[in-house]
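Chains, contacts and geometry: an overview
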Amino acid sequence: MANSILEMKQITKTFPGVKALDNVNLQVEKGEIHALVGENGAGKSTLMNVLSGIYPYGTYEGEILYEGEVCKFQQIKDSESKGIVIIHQELALIPYMTIGENMFLGNERGSKFNISWSETYGKADEYLKIVGLKESSKTLVKDLGIGKQQLVEIAKALAKDAKLLILDEPTASLNESDSKALLDLLLQLKKKGLTSIIISHKLNEISYVADRITVIRDGSTIETLDKNKDCISESRIIKGMVGRELTDRFPKRENKEIGAIALEIKDWNVYHPLYTERKVVDHVSMYVRKGEIVGISGLMGAGRTELAMSVFGKSYGTNITGSIEIHGKEVELKNVKAAIQHKLAYVTEDRKGNGLILSNSIKKNTTMANMEEISNHTVIDKDKEYHVACDYVKKLRTKCSSVEQNAGNLSGGNQQKVLLAKWMFANPDVLILDEPTRGIDVGAKYEIYSIMNQLVAEGKSVIMISSELPEVLGMCDRIYVMNEGRIVGMVQAEDTSQEEIMSCILKSSNG
Amino acid sequence: MDKTKLNEGMKKYTMVIALLFVTLFFTWQTGGKLLLPQNVSNLIAQNAYVFVLATGMLLCILTGGNIDLSVGSVVCFVGAIGAKLMESMGMNPVLAVIVMLVIGTLIGAWQGFWIAFVRVPPFIVTLAGMLIFRGLSNVVLNGQTESITSKGFIKIFGGGADCYIPDVFGIEEFNLTSMLLGVLACVIYVIIQVMGRRNRVKKGYATESLSAMIAKTVVICAVVLAFTYKISKYRGIPTALIWVLIVVLVYGYITSKTTTGRHFYAVGGNEKATKLSGINTDKVYFLAYCNMGFLAALAGMLTIARMTSAQPTYGQNYEMDAIGSCFIGGASAYGGVGTVAGVIIGAVLMGVINLGMSIMGVDANYQRVVKGFVLLGAVIFDVVSKKRNK
C-alpha cells in the first residue's frame, strides 16, 4: 500500500519457555488511528515494545518497515529519533518536576551545558496549547490530575516530533469526561496528519476513534477490520478476541462434593492506599463453598487482586469496610497473620515480587508461612523442615536439583509450584489463587489445574482470579465477573460462554 | 563431586581460602612474626569490639543492607556513662554493667522506633545518632578522660595487664588450663557432630558424606587446637575472647536455628513476600536496631576496660570496622544473605591485615588504603558472582 507508514512483518518474539508473538503482521496507514485489541497477555504490549526498540533488533524475528525503510532499533532513542513515540500505561512523568522540565527530559532545549529555560517553557506552553491544557508549563506535575498528566504525556510526545504515536491503554485510569477529551484530542491530531496506534480494552472508545482495528489473540494476528468495509460492532470484535477452542486442556474433576459456605464477603469496599479518594473495590459481595472452585474474571485493573489482598488481612488499601464470614462466623482479619490463622491463603500473582524470596532455598520458601509447624519454641527443626520440603517437591512434582536450590533459579512453573507448596503447607481452608498460571507453559498449567482439583477434593475451597477466560470456564464451578471494582455478574460455568463473559465486562464499562 | 557442587563449595569457602592466603602472605612477609603467640593473642584482644559490633551489624544488614552508623558514638557514650557511674559516683560495677546494657538497648530502641515504625531511612536516623551520642559523650565526660580503677571490671572485660583466664596448674610459660579448654571445645564439637549425624540417620534424613564430615571436623579441631596452643604459650585465653565466643555462639544459633533469625533473612530477601507470609516486618527492623544498641553497649564495656579509661574520642570509625567486616565476610549489600561465621572470618581477615601491616611497619595511611581496596574488592566479588549466576 502506498500510504502505509508502518509495516511489521512476521514478527516472532520468544521468551524463555513462552512464544509471546508468533508471526504477527501489522500494517498502519499514514494519518489513521489504528486500534490494537486483544485479551490480557495476547501480545499487544510485547508487539509495541518490539516496535519501539525496548526489545532491540536481533532479539526477535521479522522485519519492521517504517516509511518504506527497514528499521533496526537498538534502543528507544532510535525509534524516537524516527518519530515513533510510545506512551505507556503507567505514566512516566516525574512528579516533582515542572511540566516543562518533564516535557523536555532527555531532549533538553539549549546546549548540553546550558539549558535554555526560556525556550523550554516557551515551547512547552505552545505544546500545552495544542493538547488543550490551560496550565502553565511551570506547574509541578504532581499538582495535576491523572487526566491532565496523560495530556502532558501526549504533549511530551509531540515535542519529540512524533509522527507515529502509540498509546497503551491511555484511558485505563481516566474518568468518563477525561477519556472523552483525550479521544477528541486524538481525532483532532489526526486531522493534522498524526498517525496513532491505540491499545485499549474499551470497545466503545475504539469504535468511536479507530479507523481500523487489528485483533491479536495468543500472540498471533487474527484479523484486521476496516471501519468503512467491515462491521465493527462490539460483538464482532469480541468474537475475534475470544474465539478460542476449548479442548481437553483441563483435568476432569471426579465426584464433586460441594458443601456449606466456607467464606463469605459482604458489602466490601476498599480505597486506593495513595489516592485515597479513589475507590478500587466497590460494594463487593461474594461467597465460596466447601469443595468449590470459584472464578473471578475480569480485565486487568478490575480490582480483583485488590479485593483479594484486602480480604487477606488488609494487605492492600485503606478505609476498608464490609464484613467477612468464615464458616458462618463473622471474623475480623486485621493483619495477614490473623488471616492465616483463620485458614485463609493468598497465592499472589506476582510470585517474584510478592511471593517468593528468590535468594532463599526452596526449603526455606516452603515453610515460610507456617514456621510454627517445623519449630519448637522458635527453634527450627531443620531436619523436619527438609523433610517437609522434600514431601512437597515430590507431591507437586517440582523439578529441581534439591530442596536447597534457590527459588530464583527455577522456571516459572516450578516457582509457582513452590509458591503453592508454601501456602498448602500453611494448611488453609480457603485458597485464593491470583493468576496461578500466568507466564508458565501449557504442561505446567495442566499440573497446576490438577493440584487445584486435588485441593477441592480434599474439601478445601479455591477462589481463582484469572484473566484467561478458557481457564476460568474450564476449571470453575461458578464465575464472578468483575469490572471497575464492582461485581457485574455471576454465572454458572456450565451455562455460559466466553462471549457472554466478555460482553458482560465490556458493557459494564462506562466511558 | 560434580561441577556445580564444587563451585558452590568454592563459593562457600572463598573467604576462608582468602583468609588462609592472607595469613600465609603476612607470615612470610613478617618472617613468621605474625604467628608469634603474643601477636595471635593480641589479634583477639584488640579486635574483640569488632567481632561484637559486626555480629550486631549483620542483623541490620540482613534486613536489607541497612547499616548503623551510630555504633561508634554509642560505644563511646555508653562507656562514658559507665566510667562516670563507677568512678565519680562509686557505683557497684555489676549494677553499672546492667545500667550500661539498658542504656545501650534503649538507644537502640529509640533509633529502631524511627526506622521501623515511622520508616525514616536508617542511614539518616543513625547518622543523627552518630552526632547526638558523640556530642553527649563529650558532655558526660566534660571533654576529659575518666580513668577506670575497678580491677574486677577491667579484668572481666579484657583490659589491663592481667586479663587472661588464670592457670590453675602453675606451669612456667604455658597456660595448661587454656589448652585444656581448647581440647574440651573440640571434644564437645565432635560429640555434637556425631550425635547429630546419628540422629539424622535414625530418622532417615539425608546426611552429608562421612568423609566430608570427618574432613571438616578434623580441620576445625586442628585450627582450634593450633590457636589455643599458640595463646597458651603466651598467657592463655584473654577474657575478652570469652565474651566474643558467647556473642558468636548465641547469635550464630539465633540466626541459623530460630524462626526469629529466619525472619531477618526473609525481610532482607523480599520484604513484601515476608509481610504476605504473616510476619511482622516492622518488628524485625525494630529488633535489629534494638539489638545493635545492646551489643554496642557490650562493645563499649570491652573498650573502656581495655583502655582502662573513657575518653570522648573512643569508638571513632568502629562502625566502619563493623560494616567492613560484614561485607568482607559475605553479607550481601542488598540484604538477606550473610552468616555470623562469615562475618567473624571477615573480621579476622581485617584484623590479620591490620596486624600484619603494623608488624611490617606500613604507614597507617597506607593501611587504610589497603583496607579500602579489600572492602571494595570483596563487594565487587559478591556483586559480580551474583550477576554471573543469573
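Computed from a prediction, not measured in an experiment: that's the story for all the values here. (Residues numbered from 1 in each chain as written. Chains lettered and ligands numbered in written order. Predicted model: local features only at pLDDT ≥ 70, side-chain atom pairs only at ≥ 80, totals over all residues.)

1. Thoughts on the overall build of chain A
Tallying secondary structure elements over chain A gives 17 helices and 24 strands in all. The C-alpha radius of gyration of chain A comes to 25 Å, within 12% of the 24 Å expected for a compact globule of 511 residues. Judged by the C-alpha coordinates and their principal axes, chain A covers about 70 × 50 × 45 Å. Taking all 511 residues of chain A together, 47% fall into the buried category. Taking as baseline every contact in chain A between residues at least 6 positions apart, the subset at least 24 positions apart corresponds to 70%. (Helix = DSSP H or I, 4+ residues; strand = E, 2+ residues; numbered from the N terminus. Rg over C-alpha atoms; globule rule 2.2 N^0.38 Å. Buried ≥ 20, exposed ≤ 12 C-beta atoms within 10 Å, placed from the backbone. Contact = placed C-beta atoms within 7 Å.)

2. Examining the overall build of chain B
Of the regular secondary structure elements, chain B holds 16 helices and two strands. Compactness check: chain B gives a C-alpha radius of gyration of 21 Å against a globular reference of 21 Å for 390 residues, within 12% of the reference. Seen through its principal axes, chain B has C-alpha atoms that stretch 65 × 60 × 45 Å. The buried share of chain B, reckoned over its 390 residues, is 44%. Of all intrachain contacts in chain B linking residues separated by at least 6 positions in sequence, the fraction that spans at least 24 positions is 80%.

3. Brief notes about unusual backbone geometry
Phi at Asp-161 of chain A is positive, roughly 60°, even though this residue is not glycine. Along the chain, Asp-161 of chain A falls in the loop between α5 (146-159) and β9 (164-168).

4. Quick notes on helix α13 (residues 281-307) of chain B
All names here are of chain B. The end-to-end C-alpha distance of α13 is 39 Å, a good match for the 39 Å that 27 residues give at a rise of 1.5 Å each. Burial analysis of α13 places 23 of its 27 residues in the buried class, which makes it a mostly covered element. Thr-308 lies just past α13 and shows a positive phi near 45°. (Expected span 1.5 Å × (residues − 1).)

5. Here's the deal with helix α3 (residues 37-62) of chain B
Residue and element names in this part refer to chain B. In this model α3 runs 35 Å from its N-terminal to its C-terminal C-alpha over 26 residues, within 8% of the 38 Å that 1.5 Å per residue would give. At Asn-47, α3 shows its largest kink, close to 55°. The element α3 is extensively covered by neighbouring structure, given that 19 of its 26 residues are classed as buried. Gly-64 sits one or two residues past α3 and shows a positive phi near 135°. (Bend = angle between axes of the 7 residues up to and from the residue.)

6. Here's the deal with the environment of Gly-90 of chain B
Looking at the secondary structure, you find Gly-90 of chain B in the loop between α4 (71-88) and α5 (93-116). Sequence separation between Gly-90 of chain B and Leu-43 of chain B is 47 residues; the distance between their C-alpha atoms is 33 Å.

7. Observations concerning the interface of chain B and chain A
Taken together, the contact pairs 21 residues of chain B with 23 residues of chain A. Of all the elements in the fold, those that place two or more residues in the side of chain B that touches chain A are α8 (176-203), α11 (259-269) and α12 (271-275) of chain B. Here the element with the most residues in the side of chain B that touches chain A is α11 of chain B; it accounts for six residues. The residue makeup of the side of chain B that touches chain A, split by class, is seven nonpolar, eight polar and six charged. (Nonpolar A, V, L, I, M, F, W, Y, C, P; charged D, E, K, R; others polar.)

8. Notes on the domain arrangement of chain B
All names here are of chain B. Segmenting chain B into domains produces domain 1 (29-163 + 238-389) and domain 2 (167-237). Computed from C-alpha coordinates alone, the two centres of domain 1 and domain 2 are separated by 27 Å. On the side of domain 2, seven residues touch domain 1, which itself brings seven residues to the contact. Taken together, the residues of the side of domain 1 that touches domain 2 sort by class into five nonpolar, two polar and no charged. (Domains from an automatic or database assignment.)

9. Some details on the nonpolar core
Among the nonpolar cores identified, the biggest contains 253 residues, and Val-52, Leu-53, Met-57 and Leu-302 of chain B are the most heavily contacted of them. Per-element tally for this core: the top contributor is α13 of chain B, with 18 residues. (Core = buried A, V, L, I, M, F, W, Y, C linked by C-beta atoms within 7 Å.)

10. Examining the packing of helix α4 (residues 117-131) of chain A against α5 of chain A
Residues and elements named next belong to chain A. Where α4 meets α5, the closest approach of the two axes is 9 Å, and the angle between their N-to-C directions is 120°. Here α4 lies oblique to α5, going by the angle between them. In this structure, the crossing between α4 and α5 has a hand that is right-handed. Packed against α4, whose contacting residues are Lys-123, Tyr-127, Leu-128, Ile-130 and Val-131, the element α5 presents Leu-151, Ile-154, Ala-155, Leu-158 and Ala-159 at the interface. Here the residues of the contact of α4 with α5 sort into nine nonpolar, no polar and one charged. (Axes fitted to C-alpha atoms, helices over the stretch in contact; angles between N-to-C directions. Parallel < 35°, antiparallel > 145°, perpendicular 65-115°, else oblique. Left-handed = near helix turned anticlockwise from the far one by under 90°.)

11. Concerning the pairing of strand β6 (residues 84-87) of chain A
All names here are of chain A. Taking every second residue as pointing to the same face, both faces of β6 are buried, with Ile-84 and Ile-86 on one and Val-85 and Ile-87 on the other. Where β6 meets β9, four bridges bridge the pair, whose relative direction is parallel. Looking at the pairing, Ile-87 lines up with Leu-167 of β9. (Pairing = 2+ DSSP bridges.)

12. Quick word on the sheet that holds strand β14 (residues 279-289) of chain A
All names here are of chain A. Spatial strand order, β14-β13-β16-β17: four strands in an open sheet with antiparallel pairing. Across the chains shown, the open sheet's two edge strands, defined by having one partner strand only, are β14 and β17 (329-331). On average, adjacent strands in this sheet sit at an angle of 15° to one another, irrespective of strand direction. Pairing geometry for strand β13 (residues 261-271) and β14, over seven bridges, is antiparallel. Bridge assignment links Glu-264 to a residue of β14, and that residue is Tyr-287. Contacting β13, β14 and β16 (318-326), helix α9 (residues 304-311) crosses the sheet at an angle of about 70° to β14.

13. Observations regarding the sheet that holds strand β11 (residues 212-217) of chain A
Residue and element names in this part refer to chain A. On the basis of which strands lie adjacent, the open sheet formed by six strands has the order β6-β9-β10-β3-β11-β12 and mixed pairing. The open sheet has two edge strands, β6 and β12 (220-226), and neither has a second partner. Across this sheet, the average inter-strand angle for adjacent strands is 20°, counted without regard to direction. Where β9 and strand β10 (residues 195-199) come together, five bridges link them in parallel fashion. Looking across to β10, one finds that Leu-167 is bridged to Ile-198.

14. Re the pairing of β9 of chain A
Taken across its five residues, β9 of chain A has four buried, putting it largely inside the fold. For the crossover from β9 of chain A across helix α6 (residues 176-191) of chain A to β10 of chain A, the handedness is right-handed. (Right-handed = clockwise from strand over helix to strand, strands pointing away.)

15. Description of the environment of Val-102 of chain B
Within the secondary structure, Val-102 of chain B is located in helix α5. Distance from Val-102 of chain B to Val-370 of chain B, taken between C-alpha atoms, is 37 Å for residues 268 residues apart in sequence.

16. Digging into the environment of Asn-3 of chain A
All names here are of chain A. Relative to the helices and strands, Asn-3 is located in the segment before β1 (4-15). Along the backbone, Asn-3 and His-201 are 198 residues apart, and their C-alpha atoms lie at a distance of 27 Å. Residue contacts for Asn-3: discarding those within four places in its chain leaves Glu-29 and Lys-30.

17. Considering the confidence of the model for chain A
Scored by pLDDT, chain A has a mean of 87; 97% of the residues are at 70 or more. The element-level mean pLDDT for chain A is lowest in helix α8 (residues 234-242) of chain A, coming to 77, with strand β21 (residues 430-434) of chain A highest at 95. (pLDDT = per-residue confidence, 0-100.)

18. Focus on the confidence of the model for chain B
Per-chain confidence: chain B averages 89 in pLDDT, with 96% of residues scoring 70 or above. Interface scoring of the predicted complex returns ipTM 0.81; its pTM is 0.81.

19. Details of the packing of α4 of chain B against α13 of chain B
Residues and elements named next belong to chain B. Between α4 and α13, the shortest axis-to-axis distance is 8 Å and the interhelical angle comes to 60°. By the angle between their axes, α4 is oblique relative to α13. Two packed elements cross with a definite hand, and for α4 against α13 that hand is right-handed. Listed contacts from α13 to Val-71, Val-74, Val-75, Val-78, Gly-79, Gly-82 and Ala-83 of α4 are Met-292, Gly-293, Ala-296, Ala-297, Ala-299, Gly-300, Met-301, Thr-303 and Ile-304.

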